[in-house]
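These are the residues of each chain, in order.
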Amino acid sequence: MDQNPKRREEYRARHSSLNLHRNRAFAAESTVYKNGNMFARFIGVVALVVICFGVAWAAHMYFTIHSAVDGKSDSNVPASAKIANRQPISVLVLGVDQGIEGRHDRGNSDTMILATANPQKNSATMTSIPRDTLADIKGDPGDKYFMFRVNSAYEIGGSQSSMKTVSSMLNVPIDYYLEVNMKALRSLVNAVGGVDVNVPFDFSYDWCDFHKGKQHLNGRHAVAYVRMRKEDPRGDYGRQLRQRQVIEAIMTKAMSVNTISNYRKLIDIFNKYVKTNLTFNDMLSLVLNYRGCAKNLKSGYIQGHDAWIDGSSIQVASTKELQKISNRIRKNLGLETETLDNEEIRQNDLNDQNSHIKWDDPQAFTNYRIYDQNSDKPASDSSSGYGKNPDASSSSSSSSSSSSSSSSGGWKFQW
């Protein structure tokens, strides 16, 4: 210890002055601490905390959804580049019926809708494809199948087969698929708080009552609403209209602010019931860059003609109808229209030449025939479909017969 009192006092004075100077440098002016500013400071702190929690919650939601969607998707890099560059795209929406009415197999695609979006034109199309439409089934690994109902493509080769079949039938590229198990519809509608639709007429189905006019549907009623067909005077075409109504309503509600809090429910449903080759970034880009397309949405369907082929009811679309739909879709995708040249058109041409089909006759065709692949020879004495090619595998020639099967030449047909 310094024994000199004078030096000790000088040391204290010098350092006290320095400390006071430093404190003044960091201290605010006394006027800042007026009582009137206390409330403003409190609000600022609260706002900062809220923003921090909001950012954290948004980040959590982003990465949760990102993980859920990307974990379920089969990435399609070329198509993703289209979305990133804001180019026109097409999506095939498939509503599949596993688990419905006791089914436990893969099932058929109960709903088929081809949607397109063009952000340059701010336009979109939504085209329903009747499940009974006659089509050349593509995508089977063994190349065993030929002409049959378009919805059977899913049972034969899943979403990829459905995409190839529809793409070939309409001569349009299909970038994405969105496969939704019909069991998800009830949960999806409930998760968004129900949907509002314009019911076209009074009817009852599956213990649910519907009345003409605007009606709010919960999940159970929505499923009944889109599945009823026999009581609709327009048959499957009327059901397609109701399906499009519900799908559009779900999309609108799912993108609204009020349903953001339900994102966990939507993720759980997505994980369990939805398959797609859209990635999370694809979906995010669609929401940000393609939302204007919904303002100019044109919906429609492929109009087929009733026909009885080998004792079974089927819809046959005329060449004129298929060409019209192809032109509409290609134009919205920014593509030049092209004259269709596929198996569906060949079958129509052969029937026009040999059976003199009258497309303007409202009566169901009973003379529409299926011709052998790459041949002008009818497949059998009675018109048939669902061809199995015996050259594709030895098992084809030993297929078991049924009351609704027939055979001729190289093909065996089973409905």
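Peer 1: Explain the pairing of strand E14 (residues 312-316) to me, please; I cannot follow it from the model alone.
Peer 2: On a regular strand, each side chain points to the face opposite its neighbour's, so the side chains alternate between the two faces of the sheet. Taking burial as the measure, the five residues of E14 include four buried ones, the bulk of the element. Note: strand E13 (residues 305-309) against E14, five bridges, orientation antiparallel. Note that in E14 the partner of Trp308 across the bridge is Ser313. What sits between the antiparallel neighbours E13 and E14 is a turn of two residues, in which Asp310 has the positive phi angle 55°.

Peer 1: Explanation requested: helix H9 (residues 280-289) in the structure shown.
Peer 2: Every α-helix carries 3.6 residues per turn, so stepping three or four residues along brings you back to the same face. Along H9, the residues that are buried comprise Phe280, Asp282 and Leu286. In a view along the axis of H9, the buried residues occupy a sector of 160°, so they form one face of it.

Peer 1: What is the right way to look at helix H11 (residues 343-354) in this model?
Peer 2: Helix length check: H11 (12 residues) gives 16 Å between terminal C-alpha atoms against 16 Å at 1.5 Å per residue, within 8%. Listing the buried residues of H11 in full gives Glu343, Glu344, Ile345, Gln347, Asn348, Leu350 and Asn351. Packing partners of the buried residues in H11 comprise strand E4 (134-136), strand E5 (147-149), helix H4 (152-170), E14 and helix H10 (319-332). Among the residues trailing H11, His356 stands out with phi positive, at a value near 55°.

Peer 1: Just checking my understanding: could you explain the pattern of salt bridges for this structure?
Peer 2: Side chains that carry opposite charge are capable of pairing whenever their charged atoms lie near each other. Scanning the entire structure with this criterion turns up nine salt bridges. Across the pair Asp175 and Lys82 runs a salt bridge, and its minimum N-O distance is 2.9 Å. Of this pair, Asp175 sits in the loop between H4 and strand E6 (176-181) while Lys82 sits in helix H3 (residues 77-84), and the two are 93 residues apart along the sequence. Residue classification places Lys82 among the partly exposed positions, given a relative accessible area of 25%. The salt bridge partner of Asp136 is Lys138, with a shortest N-O separation of 3.1 Å. Among the residues examined, Lys138 registers a relative accessible area of 32% and is labelled partly exposed.

What counts, and where the lines are drawn
- Residues numbered from 1 in each chain as written.
- Predicted model: local features only at pLDDT ≥ 70, side-chain atom pairs only at ≥ 80, totals over all residues.
- Heavy atoms only, no water.
- Buried < 20%, exposed > 50% of the residue type's maximum accessible area, 1.4 Å probe, protein only.
- Helix = DSSP H or I, 4+ residues; strand = E, 2+ residues; numbered from the N terminus.
- Pairing = 2+ DSSP bridges.
- Arc of directions from axis to C-beta.
- Expected span 1.5 Å × (residues − 1).
- Contact = heavy atoms within 4.5 Å.
- Salt bridge = Lys/Arg side-chain N within 4 Å of Asp/Glu carboxyl O.

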